[in-house]
Amino acid sequence: MWWSAGVRTEVLPVDFQAWWDFVFARRSQLVTDSYLHVSAVVQSIVIATIIAVGIGIMVYRSPIGSAVATGLASTILTVPSFALLGLLIPILGLGVRPTVTALVLYGLLPIIRNTIIGLASVDPAITDAARGVGMNRLRVLGRIEMPLAWPSILAGIRVSTQMLMGILAIAAYAKGPGLGNLIFSGLSRVGSPTAVPQALTGTVLIVVLALVLDGLYVLLGRLTTSRGIR
Amino acid sequence: MTDTASRKGTAAHHDHTHGVEIVLDDVVKRYPGQVDAAVDHVSMTIPAGETVVFVGPSGCGKTTTMRMINRLIEPSSGRITIGGKDALSIDPDQLRRGIGYSIQQAGLFPHLTVAKNVATVPGLIGWDRKHIAERTDEMLDLVGLDPDTYRDRYPRQLSGGQQQRVGVARALAADPPVLLMDEPFGAVDPITRGLLQDELMRLQSELGKTIVFVTHDFNEAVKLGDRIAVLGSQSHIMQYDTPEAILANPANDMVAGFVGADASLKQLTLSRVRDVRLIECPTAHEDGSVDEMRRALLARRRQWGLILDARNRPVRWVSPAHLATVDSLRDVGDPVGEILSVQSTLQDALEALLAESSASTVVTGRRGEYVGLITIDTLVENLRQLRDEHADDHDDLSDPGPSALDEPGGAQRAPEELAP
């Protein structure tokens, strides 16, 4: 493996001066990489959400359909990200395409599962009342079921986002965008003076950005969830 | 049954849509894979502007029967007409917008405010915003919720009873002629349930809708129904008649079992003191003559009389023994205990008689003035009369009344007989 015993002895007594010099010198590249990282994750999440909510809506009424959809999505999640990227490169080439594809695939499971749970846990009396006052299937879904399932779906999106922030780092292997490149190139040059600060910066930035995104989700949840069900 | 109509006061109000007749004609619901039909050849007429209660054991198909009226369940065969129009030929969503629907625990949309919940159907049928806002406030007023206080609340901020009121307001918002209520008061505490039932009766006396009400509580059926349909398994109609008639003469053992052992007691809740003949006793004002009163009392078998105050309100009971030693009617006799109003039910009267352990109880009018006495004999006589009235309900098949008998194996199923 690429993290050898030699790294650990050097990482722990961190040389803060060296780290700061590195960050300062590379600041514009760090900003660009951070932006690309977040941008790739957010775009992948948007695509994953559209697919996953669509699948959830299609299967939530059928226990078998729900089991199959959740099962398939969790199978994808068990494929190691390194391996999945490796499998995608021959098909999609290097760069953004295999990266986004892998992220979307990984992001599906939590959103599908939470969409199914959210929709299935809407009180049948409420949907019955909605049908009873003359809403058609589509209206019941759009006006009643989706707003009620939304907090659950959003929780799924949040989990997926956190997960994808980390997984994207590995996409540097497929020449994907983002902060993974820092970590990869840092770790591949262990021994040189900037190696550790580089890898560390990438890792810390990913953690910080993930926390910021999470905060934004809390805000989004407050703004988009009815006061009646908060 | 004009007496029933006047009891529940089903008078139509002019600025509301009055109820229309609903006819079920040979309606069957069969689920695939089940041998027995869930609802087996049911025919009945629900008269315009009346409250008809479907009552029966759980799983008897009463809810299924009701849900076929607004086609939340599609009948397998048969015809349903609402106000003469074939319900099965109308688009189901359009049909449902014209039928109020209220269910247990109200089924309110938790993510919408009270006002938005009430405005659901007017919104679906495209009323303009101002009209909807006015209507919403009017509806909240109607069900006894102050619009300014409750308009912007969410359902979870309301008590169970208040949620149920909002549910009724939502069902009535688009002024439908027909209201379907599926155990709407099943999930609230007994006191609130009583209040909501009173409220519904008041609303109904104002609005005159056709209400189909499903419950398994026979007391609720007796209280609310102009007619009760007692349903057996597969929704077979065991008896379809006024509460008085069912209590007085249950059509079969199953109905009798459902009515319970206290049918006569329940019957007493249906009549009020003003409907029965009261008896008289000698009365005198406080400034009246002692001798006259004594003579009046001695002339009777039951030697008790009443002293009234200046406004004719009963004050004290007197007997000849009280009057033997006094020269004024002031301050003699025993104070009057329980007093009944003409509005009280006969059950209240029985309770008062038992509580006083006396032979008779005083009845007073609106302003507390003496009207007469009610005795245990009056109650017995009333029950006997009701039983006599309904004694031959089931023998006479040419009876034009609405006594539909649908015995389990019955050959008496004939929709024409159900016409009111």
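1. Examining the overall build of chain A
Step number 1: In terms of regular secondary structure, chain A is built from ten helices and zero strands.
Step number 2: Starting at the N terminus and walking to the C terminus, you meet the elements of chain A as α-α-α-α-α-α-α-α-α-α.
Step number 3: Counting only C-alpha atoms, chain A reaches 70 × 40 × 25 Å along its principal axes.
Step number 4: Counting the 230 residues in chain A, one finds 40% classified as buried.
Step number 5: Put simply, 76% of the contacts in chain A that link residues at least 6 apart link residues at least 24 apart.

2. Topic: the sheet that holds strand β17 (residues 370–375) of chain B
Residues and elements named next belong to chain B.
Step number 1: Reading across the sheet, the three strands line up as β15-β16-β17 and stay open at both edges, with mixed pairing between neighbours. This sheet does not close on itself; its edge strands, each paired only once, are β15 (339–341) and β17. Strand-to-strand, the axes of this sheet are offset by a mean angle of 40°, without reference to chain direction.
Step number 2: One ladder, built from five bridges, connects strand β16 (residues 360–364) with β17; its direction is antiparallel. From the neighbouring strand, Val363 faces β17, where its bridge partner is Gly372.
Step number 3: Packed on one face of the sheet, helix α16 (residues 346–356) meets β15, β16 and β17 and runs near 130° to β16.

3. Focus: the environment of A:Thr75
Step number 1: With respect to the helices and strands, the residue A:Thr75 is situated in helix α4 (residues 63–78).
Step number 2: C-alpha of A:Thr75 to C-alpha of A:Tyr106: the two residues are 31 residues apart in sequence and 9.7 Å apart in space.

4. So, the interface of chain A and chain B
Step number 1: Contacts between the two partners involve 17 residues from chain A, matched on the other side by 20 residues from chain B.
Step number 2: In terms of residues, the side of chain A that touches chain B owes the most to one element, helix α7 (residues 124–132) of chain A, which gives six residues.
Step number 3: Here the side of chain A that touches chain B is built from residues that sort into nine nonpolar, five polar and three charged.

5. Here's the deal with the confidence of the model for chain A
Residue and element names in this part refer to chain A.
Step number 1: Looking at chain A, the pLDDT average stands at 88 and 94% of residues meet or exceed 70.
Step number 2: Mean pLDDT across the secondary structure elements of chain A bottoms out at helix α1 (residues 5–11), with 47, and peaks at helix α8 (residues 137–170), with 95.
Step number 3: Taken as a whole, residues 1–12 scores under 50 in pLDDT and shows seven contacts with residues more than four places along the chain or in a different chain.

6. Remarks on the sheet that holds strand β5 (residues 85–86) of chain B
Residues and elements named next belong to chain B.
Step number 1: Read from one edge of the open sheet, four strands run β2-β1-β4-β5, paired in antiparallel fashion. Two strands in the sheet have a free side with no partner beyond their single neighbour: β2 (39–46) and β5.
Step number 2: Sheet topology note: the strand β1 (residues 22–29)/β2 ladder contains five bridges and is antiparallel. Residue pairing for β2: Val27 is matched across the bridge by Val42.
Step number 3: The strands touched by helix α2 (residues 62–69) within the sheet are β1, β2 and β4 (77–82), with β1 carrying the most contacts at an inclination of about 120°.

Here is what the cut-offs are and how they apply
- Residues numbered from 1 in each chain as written.
- Chains lettered and ligands numbered in written order.
- Predicted model: local features only at pLDDT ≥ 70, side-chain atom pairs only at ≥ 80, totals over all residues.
- Helix = DSSP H or I, 4+ residues; strand = E, 2+ residues; numbered from the N terminus.
- Buried ≥ 20, exposed ≤ 12 C-beta atoms within 10 Å, placed from the backbone.
- Contact = placed C-beta atoms within 7 Å.
- Pairing = 2+ DSSP bridges.
- Axes fitted to C-alpha atoms, helices over the stretch in contact; angles between N-to-C directions.
- Nonpolar A, V, L, I, M, F, W, Y, C, P; charged D, E, K, R; others polar.
- pLDDT = per-residue confidence, 0-100.

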